[in-house]
Amino acid sequence: MNETAPTPPSRELLPRHIGIIMDGNGRWAAKRGLPRNMGHQEGAKTFGKIIRYARTLGIGAVTAYAFSTENWKRPKDEVDALMSLLRRYLGELEQHKDENARLCILGDRSPLSEELRRAIERAEEGSRNNTGITVNIALNYGGRDEIVHGARKLAEACVRGELRPEEIDEGHFSAALYTAGQPDPDVIIRPSGEMRLSNFMLWQSAYAELVFMHVLWPDFTPEHLNWALWEYTGRNRRFGGV
Ligand code: IPE
Ligand code: IPE
Ligand code: MG
């Protein structure tokens, strides 16, 4: 199946915010008789390349699903390898200097190691004023977990007397999520052949166009992104209207 295109659609048609469910690392490795962790290493390289390409296209924000609240179910050595890969990535943000990327980590940080939490804070702090592209990494992220956390924040504000329950609207709710202040994704791309969200951006995906592809994430190239963007521009977004 050819899921590539040599060039992207013209700039004014491009989405502002792209969500990517980076899936298929394990199968990529298995196909080559390699350990799953090698697939994750390749996937991390792909991530760097795609962010660089998205920046050249002028995309405003990319949110990449790196570790879900359900991924703790995996064998300990795989979880450990993923965490150390993420720590290394955050420590090497210099590599995104040219992209002028602002980094935000979405998800519940409380169960992460102190070392990883510190790396997150440093990366966010150090890139806070960058304006090239916003890169959100969803790490220990779950859409349901995010909604529960948001509901709790709003309830606490009510208890403190800062907000009345009848005042709560979609705006308050959006502002209580990890993505506060960011536009919803226009398109969510999932490689690897699976056709589900797996708890990714449940609130924010309300009107996202979903693009499912067969390519495995480590094999994903800028030409695959072009193809997904053409697919997106071909959709008729009605938002409930006519
Ligand atoms: C995605 O690849 C990476 C993470 C979920 C961390 P997978 O590891 O899920 O790869 P498959 O789905 O087993 O091929
Ligand atoms: C979703 O992929 C999570 C990430 C890509 C980080 P999974 O591989 O964990 O999802 P399922 O288990 O196939 O639904
Ligand atoms: Mg998977």
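Residues numbered from 1 in each chain as written. Chains lettered and ligands numbered in written order. Predicted model: local features only at pLDDT ≥ 70, side-chain atom pairs only at ≥ 80, totals over all residues. Heavy atoms only, no water.

Considering the overall build of the protein chain
Then, in step 1: When helices and strands are counted, the protein chain shows 7 helices and 6 strands.
Then, in step 2: In the protein chain, the succession of helices and strands from N to C terminus is β-α-α-β-α-β-α-β-α-α-β-β-α.
Then, in step 3: Once the C-alpha set of the protein chain is aligned to its principal axes, its extents read approximately 55 × 50 × 35 Å.
Then, in step 4: By residue count, 46% of the 242 residues in the protein chain fall in the buried class.
Then, in step 5: Surface accessibility of the protein chain: about 12,500 Å² in total, with carbon and sulfur atoms responsible for 51%.
Then, in step 6: If the 32 positive side-chain charges of the protein chain are averaged to one point and the 33 negative ones to another, these points end up 3 Å apart. (Helix = DSSP H or I, 4+ residues; strand = E, 2+ residues; numbered from the N terminus. Buried < 20%, exposed > 50% of the residue type's maximum accessible area, 1.4 Å probe, protein only. Areas by Shrake-Rupley, 256 points an atom, 1.4 Å probe, with all protein chains shown as cover. Lys, Arg positive; Asp, Glu negative; His and termini not counted. Charge placed at Lys NZ, Arg CZ, Asp CG, Glu CD.)

Remarks on the packing of aromatic side chains
Then, in step 1: Taken as a whole, this structure holds 9 aromatic pairs when the rule is applied.
Then, in step 2: Ring geometry for Tyr141 against Phe200: centres 6.2 Å apart, planes inclined by 70 degrees, an arrangement best described as edge-to-face. Here the residue Tyr141 occupies a position in strand E4 (residues 133-141), and Phe200 occupies one in the loop between strand E5 (187-190) and strand E6 (209-212), the gap between them amounting to 59 residues.
Then, in step 3: In this structure Tyr141 comes out as buried when scored by relative accessible area, which is 1%.
Then, in step 4: Judged by relative accessible area, Phe200 falls into the buried class, the value being 0%.
Then, in step 5: Grouped by ring-pair contacts, the aromatic residues Tyr65, Tyr141, Tyr178 and Phe200 constitute a single cluster. (Phe/Tyr/Trp six-rings, centres within 6.5 Å; stacked < 30°, edge-to-face > 60°.)

Regarding the site of ligand 1
Then, in step 1: As a structural note, the neighbourhood of ligand 1 is formed by Met22, Asp23, Gly24, Asn25, Gly26, Arg27, Arg36, His40, Ala66, Asn71, Arg74 and Leu82.
Then, in step 2: At 2.9 Å, a backbone N or O of Gly26 approaches an oxygen atom of ligand 1.
Then, in step 3: The separation between an oxygen atom of ligand 1 and a polar side-chain atom of Arg27 is 2.7 Å.
Then, in step 4: More than half of the atoms belonging to ligand 1 lie within 2 Å of the grid points that define the largest pocket.
Then, in step 5: Elements supplying a minimum of two residues to the shell around ligand 1: helix H1 (25-31) and helix H2 (36-57).
Then, in step 6: For the shell around ligand 1, the element with the most residues is H1, which contributes 3 residues. (Near = heavy atom within 4 Å. Polar contact = N/O pair within 3.5 Å; in protein donor to acceptor, adjacent residues only side chain to side chain. 1 Å grid on protein atoms, 1.4 Å probe; cavity = no way out; pocket = protein on both sides within 12 Å on 5 of 7 lines; lining within 4 Å. Sits in = over half its atoms within 2 Å of the grid points.)

Digging into the site of ligand 2
Then, in step 1: In the vicinity of ligand 2, the residues found are Ile21, Met22, Asp23, Tyr65, Ala66, Phe67, Asn71, Arg74, Arg190, Arg196 and Ser198.
Then, in step 2: Note that an oxygen atom of ligand 2 is positioned 3.3 Å from one of the side-chain N or O atoms of Arg190.
Then, in step 3: Residue Arg196 places a side-chain N or O atom 2.8 Å away from an oxygen atom belonging to ligand 2.
Then, in step 4: Starting from 390 Å² of accessible surface for ligand 2 in isolation, the protein chains cover 78%.
Then, in step 5: Cavity membership is defined here by more than half of the atoms lying within 2 Å of grid points; on that basis ligand 2 lies in the largest pocket.

Focus on the side chain of Asp23
Then, in step 1: Its location among the elements puts Asp23 in the loop between strand E1 (17-21) and H1.
Then, in step 2: Asp23 sits in the buried class, given a relative accessible area of 17%.
Then, in step 3: At 3.4 Å, the side chain of Asp23 forms a polar contact with the side chain of Arg27.
Then, in step 4: Not counting residues within four places of it along the chain, the set of residues in contact with Asp23 comprises Arg190, Pro191, Ser192, Glu194, Leu216 and Trp217. (Contact = heavy atoms within 4.5 Å.)

Describing the pattern of salt bridges
Then, in step 1: For the structure shown, the criterion picks out 20 salt bridges.
Then, in step 2: The partner of Glu78 in a salt bridge is Arg36, with the nearest N and O atoms 2.9 Å apart. Of this pair, Glu78 sits in helix H3 (residues 76-91) while Arg36 sits in helix H2, and the two are 42 residues apart along the sequence.
Then, in step 3: The partner of Glu209 in a salt bridge is Arg235, and the shortest N-O contact between them spans 3.1 Å. Linking Glu209 in strand E6 with Arg235 in the segment after helix H7 (222-233), this pair joins segments that are 26 residues apart in sequence.
Then, in step 4: Judged by its relative accessible area of 14%, Glu209 falls in the buried class. (Salt bridge = Lys/Arg side-chain N within 4 Å of Asp/Glu carboxyl O.)

Here's the deal with the packing of H3 against helix H4 (residues 114-127)
Then, in step 1: Between H3 and H4, whose axes approach to 9 Å, the crossing angle comes to 30 degrees. If you check the angle between H3 and H4, you find them roughly parallel. Between H3 and H4 lies a crossing whose hand is left-handed. Every residue of H4 that contacts H3 at Met83, Leu86, Arg87 and Leu90 is listed here: Glu115, Leu116, Ala119, Ile120 and Ala123. (Axes fitted to C-alpha atoms, helices over the stretch in contact; angles between N-to-C directions. Parallel < 35°, antiparallel > 145°, perpendicular 65-115°, else oblique. Left-handed = near helix turned anticlockwise from the far one by under 90°.)

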